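Residue-level listing of the chains:
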Amino acid sequence: MNLITEVLNLLNNCNSNSKWPDTLSKMLLEWIESSPNSVLILPTISSACRSLASITNMVIIVEKAMDSYFNSDFDLSDGRGWTYLLGALKVPEMSLTDFLDEAIQHGCYIVLFSYALQQLPLSQGLEDEMKLLQDMIQWTFKVKPMQQNEAKLFLWWHRTILLLLRQLDFGTDQAIVCRTLQNWLPAMITLGEDKASSGFLGAIGLGKKSQLSIKFRLITKALCTFMSIQILPSGVIRLDPNAPIKPETSSGKSHEPTLTNLESLKTNKQYISLKEHIEAAINFLTDSRNTLRDTNILFTQMTKHLYTDARYLETLFKEVV
């Protein structure tokens with residue numbers, strides 16, 4: 001443990017104009033990645049939060065340690081993995097805004113979700129939970145994920161859905177919850193696009209191709225389509241299985257979350273390997289017994305089948321705090 005502290009102190013004291021900060025940081029990150037079963041991983045998280053002067057170094061090292069921890073042979077069942085991580089993470093209150101901004105900029109999405117989990121027990125009521133919910137929605141607008149970290153977004157997407165349902169269950173005006181959901185969907189739709197649809201090139205179908213995996217895009221499309229269907233034309237959220245499903249309307253844009261666009265993926269060469277999952281999602285969406293309350297069931301089914309190697313998702317669909 002003293003050695004870790006010494007390395008972190010060296011990082012603080014290195015001349016920023018020299019090569020040493022990058023060299024030391026690289027060495028530490030390589031050690032963390034190669035030592036998932038080390039008993040020093042959790043103490044490294046605590047020490048980095050407590051000792052590092054650079055917020056950038058802090059979030060990158062903490063994220064790497066959290067990644068390594070989930071790649072370990074430790075028993076992380078029953079939420080124990082998250083419990084230990086939350087105990088190790090010490091977010092600097094005086095630099096909170098910078099901490100979250102740096103985490104977003106550097107793709108440290110487990111760090112962001114861990115912060116959200118720490119905040120939930122501190123909430124004094126629905127207003128506090130709504131503020132956290134809004135924060136997670138804003139994260140979705142700001143992030144620029146890559147294939148290697150795309151699935152981490154599912155961590156707070158799942159929690160966002162749970163918080164939306166809590167707002168409904170405990171008396172928040174449904175119109176407010178509906179607007180919140182409608183404000184969130186555009187960010188998800190953008191991440192699920194096969195090509196960028198914004199700007200002039202996007203408008204004429206020449207947008208930049210997505211760098212995200214087709215399985216991520218499929219899950220995102222399915223979620224967006226399902227949640228959109230549950231918002232009725234009257235602005236009411238569909239929670240009653242006996243209520244009619246919203247009739248489909250579309251301007252013909254391929255990125256819109258419609259059942260027709262989802263069905264069209266079955267003949268799309270990009271998605272041919274996922275045809276079975278597309279059909280399963282369509283069956284779920286067209287089953288009138290499913291309402292907004294069942295969103296995370298769809299989420300669970302698709303994620304478990306398509307992201308079997310993302311261990312941090314194993315406890316995603318259980319209450320961990």
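Please read all numbers here as calculations on a predicted model, not as lab measurements.

Visitor: Residues and numbers for the pattern of salt bridges, please.
Guide: Taken as a whole and judged by the stated rule, the model has 9 salt bridges. Here R166 and E129 are joined by a salt bridge, their closest N and O atoms 2.9 Å apart. Taken as a pair, R166 in helix α9 (residues 153-169) and E129 in helix α8 (residues 126-142) lie far apart in primary sequence, 37 residues in all. The exposure class of E129 is buried, given its relative accessible area of 8%.

Visitor: Kindly report on the packing of aromatic side chains, identifying the contributing residues and their values.
Guide: Under the criterion given, the structure shown has 14 aromatic pairs. With a centroid separation of 5.1 Å and 85° between ring planes, the pair formed by W82 and F113 is classed as edge-to-face. Residue W82 is located in helix α5 (residues 80-88), and its partner F113 is located in helix α7 (residues 109-119); the two are separated by 31 residues in the primary sequence. Considered together, W82 and F113 belong to a single accessibility category, that of buried residues. What links up through ring pairs into an aromatic cluster is the set Y69, F70, F74, W82, F113 and Y312.

Visitor: Which residues make up helix α10 (residues 174-191), and what are the values?
Guide: Here α10 contains 18 residues, and its C-alpha end-to-end distance of 26 Å stays within 8% of the 26 Å for a straight helix at 1.5 Å per residue. Each element contacted by the buried residues of α10 is listed here: α8, α9 and α12 (214-229).

Visitor: Break down the packing of helix α4 (residues 55-70) against helix α6 (residues 96-105) for me, citing the residues and quoting the values.
Guide: At a minimum axis separation of 9 Å, α4 and α6 run at an interaxial angle of 55°. Here α4 is positioned oblique relative to α6, judged by the angle of their axes. For α4 against α6, the interelement crossing comes out right-handed. Contacts between α4 and α6 involve I55, T56, M58 and V59 from the first element and D98, F99, E102 and A103 from the second. Across the contact of α4 with α6, the residue classes tally to 5 nonpolar, 1 polar and 2 charged.

Visitor: Report on the environment of K209, specifying residues and quantitative values.
Guide: Here K209 lies in the loop between α11 (199-203) and α12. For K209, a relative accessible area of 59% translates into the label exposed. Through-space distance from the C-alpha of K209 to that of E193 is 8.5 Å; in sequence the pair is 16 residues apart. With sequence-adjacent residues up to four places away left out, K209 is seen in contact with D194 and K195.

Visitor: Give a detailed account of the environment of W82, specifying residues and quantitative values.
Guide: Overall, W82 belongs to the buried group, its relative accessible area being 2%. Taking C-alpha positions, W82 is 9.4 Å from F70, a pair spaced 12 residues apart along the chain.

Visitor: Tell me about the side chain of S228, residues and numbers included.
Guide: Here S228 is to be found in helix α12. One polar contact links the side chain of S228 to the main-chain carbonyl oxygen of C224, over a distance of 2.7 Å. Apart from residues no more than four positions distant in its own chain, S228 is found in contact with L185, K246 and P257.

The rules behind the values
Residues numbered from 1 in each chain as written. Predicted model: local features only at pLDDT ≥ 70, side-chain atom pairs only at ≥ 80, totals over all residues. Heavy atoms only, no water. Salt bridge = Lys/Arg side-chain N within 4 Å of Asp/Glu carboxyl O. Helix = DSSP H or I, 4+ residues; strand = E, 2+ residues; numbered from the N terminus. Buried < 20%, exposed > 50% of the residue type's maximum accessible area, 1.4 Å probe, protein only. Phe/Tyr/Trp six-rings, centres within 6.5 Å; stacked < 30°, edge-to-face > 60°. Expected span 1.5 Å × (residues − 1). Contact = heavy atoms within 4.5 Å. Axes fitted to C-alpha atoms, helices over the stretch in contact; angles between N-to-C directions. Parallel < 35°, antiparallel > 145°, perpendicular 65-115°, else oblique. Left-handed = near helix turned anticlockwise from the far one by under 90°. Nonpolar A, V, L, I, M, F, W, Y, C, P; charged D, E, K, R; others polar. Polar contact = N/O pair within 3.5 Å; in protein donor to acceptor, adjacent residues only side chain to side chain.

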